[in-house]
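# Coordinate inspection notes
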Amino acid sequence: MALSKENISDSLVNFVRTNILAQGVAFDISSNLSKTGVDSYSVIEIILFIERQFGVVIPDTMLIPANLSTIDAMSECVFQLLNNK
Amino acid sequence: MEAALSHKISGADKFQLLLDRHIRLNQSTGNIIQLNIEVKGRIELEELRKIVSANSFLTQLNSLKVTDKSLSIPRWINGEEQNPVSVTEFPDYANNDPEGLISIVLFQDEPNSEVFIFVHHVLADNIGIQQIAGLINGTIKPPLLPFAEEGKDTTPFIQQLIHTLKATLLVFKKTPKRMAKLVADEVKTNTNIIDFEEEETQQIEENAAKNGARLSRSAFYLAAVSMALKQTIFEGNGDSFFLPVPQNQRLRGNDQVAMGNHISFLFYTIPFNKLNNLSEATAFITAQMVEQIKNQSPKSYSYLLKTFRFLPLWLYDFFFKMPTKGAVCSFLFSDVGETLPGMKTFMGKEIVEVLNLPPNPSPPHLTFVMMKHAGRLKLIMTYNSKAISEDEKSKFGAALRTLLTK
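Residues numbered from 1 in each chain as written. Chains lettered and ligands numbered in written order. Predicted model: local features only at pLDDT ≥ 70, side-chain atom pairs only at ≥ 80, totals over all residues. Heavy atoms only, no water.

What follows covers the overall build of chain A. Within chain A, the secondary structure is distributed over 4 helices and 0 strands. What you see in chain A, going N to C, is helices and strands ordered as α-α-α-α. Each of the three principal axes of chain A carries a C-alpha extent, and together these read 35 × 25 × 20 Å. In chain A, which comprises 85 residues, the proportion classed as buried is 48%. Of the contacts formed within chain A by residues at least 6 apart in sequence, a portion of 65% connects residues at least 24 apart. Within chain A, one finds 5 positive and 9 negative side-chain charges whose respective centroids are separated by 2 Å. (Helix = DSSP H or I, 4+ residues; strand = E, 2+ residues; numbered from the N terminus. Buried < 20%, exposed > 50% of the residue type's maximum accessible area, 1.4 Å probe, protein only. Contact = heavy atoms within 4.5 Å. Lys, Arg positive; Asp, Glu negative; His and termini not counted. Charge placed at Lys NZ, Arg CZ, Asp CG, Glu CD.)

Given below as structure tokens:
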């Protein structure tokens, strides 16, 4: 069964909550990652998780600030990549 | 903070303690980090003293001690006496020998005032010292957690051992051969600040993106510093750089855990033949960064640091007497990012300048810190003026400015 964008978002939010953010930090798919305290090191961790979990590599052309600003934007990229496979 | 604190010191803290003890045996200064805040207008010494002495959390932090009995892990404990943080005015501070781990000096630089916050590196890293500034400013409210609670490590012992061995091999196998340029018998630390205006900073950030630093500007900054070093100070010396870059191990979004060092490291090997242009160098460094995050190298190094808790000073001293004189890297580099983010005023006065000054305790005594405050980037370079001449320092600064802004 194909993954929906919501499935992807849920998986990414769960990864960020479990591995990157401290307990109790308010966070959802539309939270600005940088303002939440997610730095570039952690963004790389999220990208590596996407590679492992969904088997897609985000190409350099998609690595722009707008696509890396929220989990919603990242999920959209992954969704597009999975559908264009 | 509990009345009877007894908290195991972390490996990263012990490492800073060893560095401090070693340099105090050989030089006068210790392993101290410093944050300078310059404001418009006059801060009165008594007002600053009143604020600092009224903050019981600062007093408690300043009164902490480290037990260090052989064959046991050192522990943080509360000192027998409460030591209020010393607040003195320049030049009187020179006659003062403050007790404890924190000290504050006020400098009246008419019409401005500068507050210098000094903290022993065993107590705080770069984020910790900013939180101490926030406490004084009232923008961070106690109670803070004095130290991160160590969660139960579920990693099997054998895997921990493999991580430790992996990190040991990484560090010691790659110790650079060519340290001669910077190994001097005497150390005289100097500071050089390369300051960029807001427009220049915007240009630099655009250049970072153009040169492929899409994931991390740090890779671009490190590429530029390495290229400028190769072109100037290391011209004709050596064939590669090897360096650790600190990586914040705190869980993100939590500004409550204030004290101790919460860092691991990424390690970069940068051959000179990869330093011909910024795009190539940035891509080369970024690839190493991604590979090491993938391989969990910072985790491996954290396990190595844990073993440092048992390292006695004599062994550390022996290491310093080896042919490389304790230098396991070509230089130190850290991109601390936004310093005092969002803080526009200090004690009600407009902040005009912030400087995050690193200690420079480890050979080869060449440390770079890239920081940003109020939209302006700065590179702070601490160096040994017995190994690097004024001319070399100036040429380095000019080369770096050209590389970053053009």
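After presenting the structure, the write-up continues.
It is worth spelling out the overall build of chain B at this point. A tally of regular secondary structure across chain B gives 11 helices and 15 strands. Here chain B holds 406 residues, and 54% of them are scored as buried. Taking contacts inside chain B between residues at least 6 apart in sequence as the whole, the part at least 24 apart equals 73%. As displayed, chain B has an accessible area near 18,600 Å², and 53% of this comes from carbon and sulfur atoms. (Areas by Shrake-Rupley, 256 points an atom, 1.4 Å probe, with all protein chains shown as cover.)

The next point concerns the pattern of salt bridges. Residues and elements named next belong to chain B. For the coordinates displayed, the defined rule picks out 16 salt bridges over all chains. One salt bridge connects Asp-125 with Arg-250, and the closest N-O pair in it is separated by 2.9 Å. Within this pair, whereas Asp-125 is found in the loop between strand E7 (112-120) and helix H4 (126-137), its partner Arg-250 is found in the loop between strand E9 (240-248) and strand E10 (263-271), the two being separated by 125 residues in sequence. Just as Asp-125 is buried, Arg-250 falls in that class too. Residues Arg-376 and Asp-195 are paired through a salt bridge, measuring 3.1 Å at the closest nitrogen-oxygen approach. Of this pair, Arg-376 sits in strand E15 (residues 376-384) while Asp-195 is found in strand E8 (residues 189-195), placing the two residues 181 residues apart along the sequence. In this structure Asp-195 comes out as partly exposed when scored by relative accessible area, which is 24%. Put simply, Asp-195, Glu-353, Arg-376 and Lys-378 are held in one network by salt bridges that share partners. (Salt bridge = Lys/Arg side-chain N within 4 Å of Asp/Glu carboxyl O.)

Turning our attention to the packing of aromatic side chains. All names here are of chain B. What the rule picks out here adds up to 13 aromatic pairs over all chains. Ring geometry for Phe-220 versus Tyr-221: centroids 6.1 Å apart, planes at 55°, classification tilted. In this structure, Phe-220 and Tyr-221 share a single accessibility class: buried. Aromatic pair Phe-234 and Phe-241: ring centres 5.0 Å apart, planes at 80°, arrangement edge-to-face. Each member of the pair, Phe-234 as well as Phe-241, carries the same accessibility label: buried. Through successive ring pairs, a cluster of aromatic residues spans Phe-234, Phe-241, Phe-272, Phe-331, Phe-368 and Phe-396. (Phe/Tyr/Trp six-rings, centres within 6.5 Å; stacked < 30°, edge-to-face > 60°.)

The next thing to look at is the interface of chain A and chain B. Facing the 21 residues of chain A at the interface are 14 residues of chain B. Buried surface at the junction of chain A and chain B, summed over both partners, amounts to about 1,500 Å²; 67% is from carbon and sulfur atoms. Among the residues of chain A in contact with chain B, A:Tyr41, A:Ile44 and A:Leu48 are the three that bury the most area, contributing 40% of the side total. Counting across the interface, chain A meets chain B through 1 salt bridge. A:Asp39 is the partner of B:Arg252 in a salt bridge, and the nearest nitrogen-oxygen pair spans 3.0 Å. Ranked by residues supplied to the side of chain A that touches chain B, first place goes to helix H3 (residues 40-54) of chain A with 9 residues. Within the side of chain A that touches chain B, the residues separate by chemical class into 12 nonpolar, 5 polar and 4 charged. (Buried area = accessible area lost by both parts, 1.4 Å probe. Nonpolar A, V, L, I, M, F, W, Y, C, P; charged D, E, K, R; others polar.)

Here we take up the domain arrangement of chain B. All names here are of chain B. Segmentation of chain B into domains returns domain 1 (6-137) and domain 2 (157-338 + 360-405). Listed by partner, the interface residues are 31 residues for domain 1 and 28 residues for domain 2. Between domain 1 and domain 2, a total of about 2,500 Å² is buried, with carbon and sulfur atoms accounting for 62% of that surface. Together, Leu-18, His-22 and Gln-131 form the three largest contributors to the area buried by domain 1 at its contact with domain 2, with a combined 22%. There are 1 salt bridge connecting domain 1 and domain 2. Run the count over domain 1 and domain 2 and you get 5 residue pairs in polar contact (both at pLDDT 80 or more). At the level of secondary structure, the elements contributing two or more residues to the side of domain 1 that touches domain 2 comprise helix H1 (11-26) and H4. Broken down by element, the residue count for the side of domain 1 that touches domain 2 peaks at 12 residues, all from H1. Of the residues contributing to the side of domain 1 that touches domain 2, the split by class is 15 nonpolar, 11 polar and 5 charged. (Domains from an automatic or database assignment. Polar contact = N/O pair within 3.5 Å; in protein donor to acceptor, adjacent residues only side chain to side chain.)

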